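# Per-entry structural report
Each chain is listed here by its residues.
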2 protein chains.
Amino acid sequence: MKVLLVVAHGSRRAESNEEVRKLAGQLQARAGATYSGVRCAFLELAEPSIPDGIAQCIAQGASEVIVLPYFLSAGRHVATDIPAEVAKAQANFPATSIQIAPYLGKAEGVLDVMLHQADLSSRD
Amino acid sequence: MKVLLVVAHGSRRAESNEEVRKLAGQLQARAGATYSGVRCAFLELAEPSIPDGIAQCIAQGASEVIVLPYFLSAGRHVATDIPAEVAKAQANFPATSIQIAPYLGKAEGVLDVMLHQADLSSRD
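Here goes a summary of the coordinates provided. (Residues numbered from 1 in each chain as written. Chains lettered and ligands numbered in written order. Predicted model: local features only at pLDDT ≥ 70, side-chain atom pairs only at ≥ 80, totals over all residues. Heavy atoms only, no water.)

## Examining helix 3 (residues 76-92) of chain B
Structural remark: α-helix, 3.6 residues per turn; residues separated by three or four positions point the same way. All names here are of chain B. Note the following rule: Secondary structure elements are defined from DSSP: runs of H or I of at least 4 residues count as helices, runs of E of at least 2 residues count as strands, and each element is numbered from the N terminus. One less than the residue count of a helix, multiplied by 1.5 Å, gives the span that helix is expected to have. The bend reported for a residue corresponds to the angle between axes fitted to the seven residues ending at that residue and the seven starting there. Only protein chains enter the accessibility calculation, which uses a 1.4 Å probe; a residue whose area is less than 20% of its type maximum is buried, one above 50% is exposed, and one in between is partly exposed. Whether two residues are in contact is decided by their heavy atoms, any of which lying within 4.5 Å being enough.
Relative to the 24 Å expected for 17 residues at 1.5 Å per residue, helix 3 spans 24 Å between its end C-alpha atoms, a close match to the ideal helical length. Where helix 3 bends most, at isoleucine 82, the angle is about 25°, and the proline proline 83 comes one to four residues later. Those residues of helix 3 that fall on the buried side of the exposure criterion are His77, Val78, Ile82, Glu85, Val86 and Ala89. Looking at the buried residues of helix 3, the elements they touch are strand 1 (2-8), helix 2 (50-59), strand 3 (64-69) and strand 4 (97-100).

## Considerations on the sheet that holds strand 4 of chain B
Residues and elements named next belong to chain B. Formally: DSSP bridges decide pairing: two strands pair if at least two such bridges lie between them. To obtain each axis, a line is fitted to C-alpha atoms, and for helices this fit is confined to the stretch in contact; angles are then taken between N-to-C directions over 0 to 180 degrees.
Taken in spatial order, the 4 strands line up as 2-1-3-4 in an open sheet, and their pairing is parallel. Pairing within the sheet leaves two strands with one partner each, and these edge strands are strand 2 (37-42) and strand 4. Across the sheet, the mean angle separating the axes of adjacent strands is 25° when strand polarity is ignored. By the bridge criterion, 4 bridges tie strand 3 to strand 4 in an arrangement that is parallel. Across the sheet, valine 67 pairs through a bridge with isoleucine 100, a residue of strand 4. Across the sheet, helix 2 touches strand 1, strand 2, strand 3 and strand 4, and the angle it forms with strand 1 is around 160°.

## Notes on the sheet that holds strand 3 (residues 64-69) of chain A
Residues and elements named next belong to chain A. Pairing is parallel in the open sheet, where 4 strands are placed in the order 2-1-3-4. With one partner strand each, in any of the chains shown, strand 2 (37-42) and strand 4 (97-100) form the two edges of the open sheet. Direction aside, the axes of adjacent strands within the sheet are offset by 25° on average. Where strand 1 (residues 2-8) lies against strand 3, 6 bridges are found, and the strand directions are parallel. Residue pairing for strand 3: lysine 2 is matched across the bridge by glutamate 64.

## Quick notes on the packing of helix 2 of chain B against helix 3 of chain B
Residue and element names in this part refer to chain B. Counted only if it meets this: For classification, angles of less than 35 degrees are called roughly parallel, those exceeding 145 degrees roughly antiparallel, those between 65 and 115 degrees roughly perpendicular, and all remaining angles oblique. In this scheme the crossing of two helices becomes right-handed for a clockwise turn of the near helix relative to the far one and left-handed for an anticlockwise turn of less than a right angle. The classification used treats Ala, Val, Leu, Ile, Met, Phe, Trp, Tyr, Cys and Pro as nonpolar, Asp, Glu, Lys and Arg as charged, and all other residues, Gly among them, as polar.
Here helix 2 crosses helix 3 at 45°, and the two axes come no closer than 9 Å. Relative to helix 3, the element helix 2 is oriented oblique. Our pair here, helix 2 against helix 3, has a crossing hand that is right-handed. Together, Ile50, Pro51 and Ile54 of helix 2 and Ile82, Glu85, Val86 and Ala89 of helix 3 make up the contact between the two elements. In terms of residue class, the contact of helix 2 with helix 3 is made up of 6 nonpolar, no polar and 1 charged.

## A closer look at the relation of the copies chain A and chain B
Put simply, the rule is: To line up the copies, we fit them by least squares on C-alpha atoms, keeping just the residues with pLDDT of at least 70 in both.
Rotating chain A by 180° about the axis while translating it 0.0 Å along that axis superimposes it on chain B, leaving an RMSD of 0.0 Å. What the rotation and shift describe, once combined, is the action of a two-fold rotation axis. Minimal C-alpha separation from the rotation axis in chain A is found for Val110(A), amounting to 3.5 Å.

## Here's the deal with the environment of Ala84(B)
Looking at the element boundaries, Ala84(B) is found in helix 3. It is 9.9 Å that separates the C-alpha atoms of Ala84(B) and Ile50(B), two residues lying 34 residues apart in sequence.

## Examining the pairing of strand 3 of chain A
A regular strand carries its side chains on alternate faces of the sheet. Operational definition: Look down the strands so they point away from you; if the path from the first strand over the helix to the second goes clockwise, the crossover is right-handed.
Taken across its 6 residues, strand 3 of chain A has 5 buried, putting it largely inside the fold. The parallel pair strand 3 of chain A and strand 4 of chain A is bridged by helix 3 (residues 76-92) of chain A, and the resulting crossover is right-handed.

Any functional reading would require information that these geometric values do not contain.
Following this line, the structure appears as structure tokens:
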């Protein structure tokens, strides 16, 4: 059983964190056959933390957790902080496969999404 | 003549700003028929600023500029700061149409990109 964990930075603005939770819900609605669940976690400033989020996935029955960094650039958070938090969780749950997917900004498809987004607005 | 201006936050890390510049170059390679150019600008911490970036688009011959916020959530930067910078530029160049596209995180297509990204990693 595979669960997707979207990891965002976390914000002091409750609405921004709420946006991420809503996004996880929308992903859940589309993830159907591939993921039995989609959850979210935050690096800081919001709950759950990454280790807590991973523990929730496992409590939900995950044998495999895919951590997807919802970040646009490969800064310290993506390069160091998220892997460190994931490593902590992995040490607590050695039987679970926990993998970190490439961060969102690295996805090839983002380019097409951006062009599409720009086109929409220029047709107003 | 339409030019796309990707607006990122800007970072103290030179590599992050370089990633945005590279992204603009990749978009340029794909934007072909729709945009005669793709440039980038930064809200803070890097150059060019948004007004300078818009001025560069116009110097390049743009009669229409589409500003695309490279942001994942609708915080103060997207809601207030970018529109304020664009309004300043618009006042300086009243003959140019300057439109702000919805920020990247709002794009429907981002969901599919995320699922695709997660799938790639879980096939390792």
